[in-house]
Amino acid sequence: MLQGKTALVTGSTSGIGLGIAKALAKQGANIVLNGFGDVEGPKAEIAALGVKVAYHGADMSKANEIEAMMKFAADTFGRVDILVNNAGIQHVAKVEDFPVERWDAIIAINLTSAFHATRLALPAMKAANWGRIINVASIHGLVGSAEKSAYVAAKHGVVGLTKVTALENATTGVTCNAICPGWVLTPLVQKQVDAKAVAMGLSNEEAKKQLLREKEPSMQFTTPEELGELAVFFCSAAGNNVRGVAWNMDGGWTAQ
Ligand code: NAD
């Protein structure tokens, strides 16, 4: 379905970003990976799906590095057809204790990077009259949770950016939508499981159950594979007129 298209997924060396990159590669899209940590493993996983894969190590908190990454993607594959703004970090503390440096980093990586990548991707998408911008927001783009001020502010911002980008391109073949996962068991959430296990004296398994019980009626983690399939739907012809939605995959979290 996506043969000949190129997808750039930020923060795709791990977790949800890697899951989405793999789902798009399975549909035939060439992939530009980005993110820190192990690069060769994720590159090999994508290449094994029979598509071309490239990697750029831009730090998504830096505008000049995002510009270099977008240029690299265009130089390597001709154009970015699908942009998935996924890179993100978390820090948990009360507002009055929140380290200023962590606030700045979360706003830069979780929100401002999506603005930069989007503004740089749009001209070529509009010229081709086809494009998909998928913002990995969060259920925290729709509701709040204590001790997550920067994350919740950034993710609400991402949902707002999604709506405006969708509206500005509503008469074109370029769509922009947000995905809002509940709990997904990635390294980002495992840290919160570990903290809960220590704070409450629980085993890893009990801490996971406790995390789910507090928010997610299904008592199940959403998987990167499931989120990847939602991204594929946005890229399909059926997604042509899906514009500006914030689509939750959250086990009932926000139905309460
Ligand atoms: P993760 O920690 O597994 O992956 C984060 C990715 O972002 C990694 O590839 C990491 O290298 C990359 N990254 C971090 N800082 C970066 C930077 N400065 N520049 C470039 N890359 C950077 O986390 P995840 O859970 O897969 O999170 C992915 C996205 O999904 C985030 O935006 C997160 O907020 C969102 N999300 C996660 C959950 C969840 O439960 N895990 C729920 C809702 C939303």
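What you see is a predicted model; the values in this text were computed from it and never measured.

(A) How the structure looks around the sheet that holds strand 5 (residues 131–136). Strand order in this open sheet of seven strands is 3-2-1-4-5-6-7, and the pairing throughout is parallel. Looking at strand neighbours, the two that pair on one side only are strand 3 (53–56) and strand 7 (246–249), the edges of this open sheet. Strand-to-strand twist of the sheet, defined as the mean angle between neighbouring strand axes without regard to direction, takes the value 20°. Bridge count between strand 1 (residues 6–9) and strand 4 (residues 82–85): three bridges; the pairing is parallel. Across the sheet, the residue bridging to Leu8 is Leu83, located in strand 4. Here helix 5 (residues 149–168) sits on the sheet and contacts strand 5, strand 6 (174–181) and strand 7; the angle it forms with strand 6, its principal contact strand, is near 160°. In the packing of helix 8 (residues 224–235) onto the sheet, contacts are made with strand 4, strand 5, strand 6 and strand 7, and the angle to strand 6 comes to roughly 160°.

(B) Molecular detail of the site of the ligand. In the vicinity of the ligand there are 30 residues, among which Ser14, Asn86, Tyr151, Val184 and Thr186 approach most closely. Tyr151 has a polar side-chain atom sitting 2.5 Å from an oxygen atom of the ligand. One of the side-chain N or O atoms of Thr186 is found 2.5 Å from an oxygen atom in the ligand. When isolated, the ligand has an accessible area of 820 Å², and the protein chains bury 93% of it. Of all the elements in the fold, those that place two or more residues in the shell around the ligand are helix 1 (15–26), helix 5 and helix 6 (187–200). Among the elements that make up the shell around the ligand, the one with the highest residue count is helix 6 (three residues). Class assignment of the residues belonging to the shell around the ligand gives a composition of 16 nonpolar, twelve polar and two charged. Lining the shell around the ligand are residues from two domains, each supplying at least three of them: domain 1 (6–182 + 223–249) and domain 2 (183–221).

(C) Inspection of unusual backbone geometry at higher detail. With a phi angle near 55°, Asn129 is a residue other than glycine that sits in the positive phi range. Tracing the backbone through its elements, the reader meets Asn129 in the loop between helix 4 (100–128) and strand 5. According to the relative accessible area criterion, Asn129 is partly exposed, its value standing at 46%. Despite not being glycine, Glu147 shows a phi value in the positive range, around 70°. Assignment of secondary structure puts Glu147 in the loop between strand 5 and helix 5. We classify Glu147 as partly exposed; its relative accessible area is 35%.

(D) Examining the packing of helix 4 against helix 5 more closely. Remark: helix 4 packs on helix 5, axes separated minimally by 7 Å, with the N-to-C direction vectors making an angle of 15°. Regarding the angle of helix 4 to helix 5, the classification is roughly parallel. Judged by the sense of rotation from one axis to the other, the crossing of helix 4 with helix 5 is right-handed. Here Trp103, Ile106, Ile107, Asn110, Leu111, Ala114, Phe115, Thr118 and Leu122 of helix 4 lie close against helix 5, whose contacting residues are Ser149, Ala150, Tyr151, Ala153, Ala154, Lys155, Gly157, Val158, Leu161 and Thr165. Class assignment of the residues belonging to the contact of helix 4 with helix 5 gives a composition of 13 nonpolar, five polar and one charged.

(E) Just the pattern of salt bridges, in detail. If you walk through the whole model with that rule in mind, you get eight salt bridges. In this structure, the salt-bridge partner of Lys71 is Asp75, at a minimum N-O distance of 2.9 Å. On the criterion of helical spacing, the pair formed by Lys71 and Asp75 is a turn pair, its members being four residues apart in helix 3 (residues 63–77). Here the two residues Lys71 and Asp75 agree in accessibility, since each one is exposed. Two residues, Glu214 and Lys196, come together in a salt bridge whose shortest N-O distance is 3.0 Å. Note that Glu214 is positioned in helix 7 (residues 204–215) and Lys196 in helix 6, a separation of 18 residues in sequence.

(F) A look at the pairing of strand 2 (residues 30–34). A large share of strand 2 lies buried, amounting to five of its five residues. Burial along strand 2 is two-sided: the face carrying Asn30, Val32 and Asn34 and the face carrying Ile31 and Leu33 are both buried. By the bridge criterion, four bridges tie strand 1 to strand 2 in an arrangement that is parallel. Residue pairing in the sheet places Val9 in a bridge with Leu33 of strand 2. Of the crossover connections in this fold, the one passing from strand 1 over helix 1 to the parallel strand 2 is right-handed.

Procedures and definitions
- Residues numbered from 1 in each chain as written.
- Predicted model: local features only at pLDDT ≥ 70, side-chain atom pairs only at ≥ 80, totals over all residues.
- Heavy atoms only, no water.
- Pairing = 2+ DSSP bridges.
- Helix = DSSP H or I, 4+ residues; strand = E, 2+ residues; numbered from the N terminus.
- Axes fitted to C-alpha atoms, helices over the stretch in contact; angles between N-to-C directions.
- Contact = heavy atoms within 4.5 Å.
- Near = heavy atom within 4 Å.
- Polar contact = N/O pair within 3.5 Å; in protein donor to acceptor, adjacent residues only side chain to side chain.
- Areas by Shrake-Rupley, 256 points an atom, 1.4 Å probe, with all protein chains shown as cover.
- Nonpolar A, V, L, I, M, F, W, Y, C, P; charged D, E, K, R; others polar.
- Domains from an automatic or database assignment.
- Buried < 20%, exposed > 50% of the residue type's maximum accessible area, 1.4 Å probe, protein only.
- Parallel < 35°, antiparallel > 145°, perpendicular 65-115°, else oblique.
- Left-handed = near helix turned anticlockwise from the far one by under 90°.
- Salt bridge = Lys/Arg side-chain N within 4 Å of Asp/Glu carboxyl O.
- Right-handed = clockwise from strand over helix to strand, strands pointing away.

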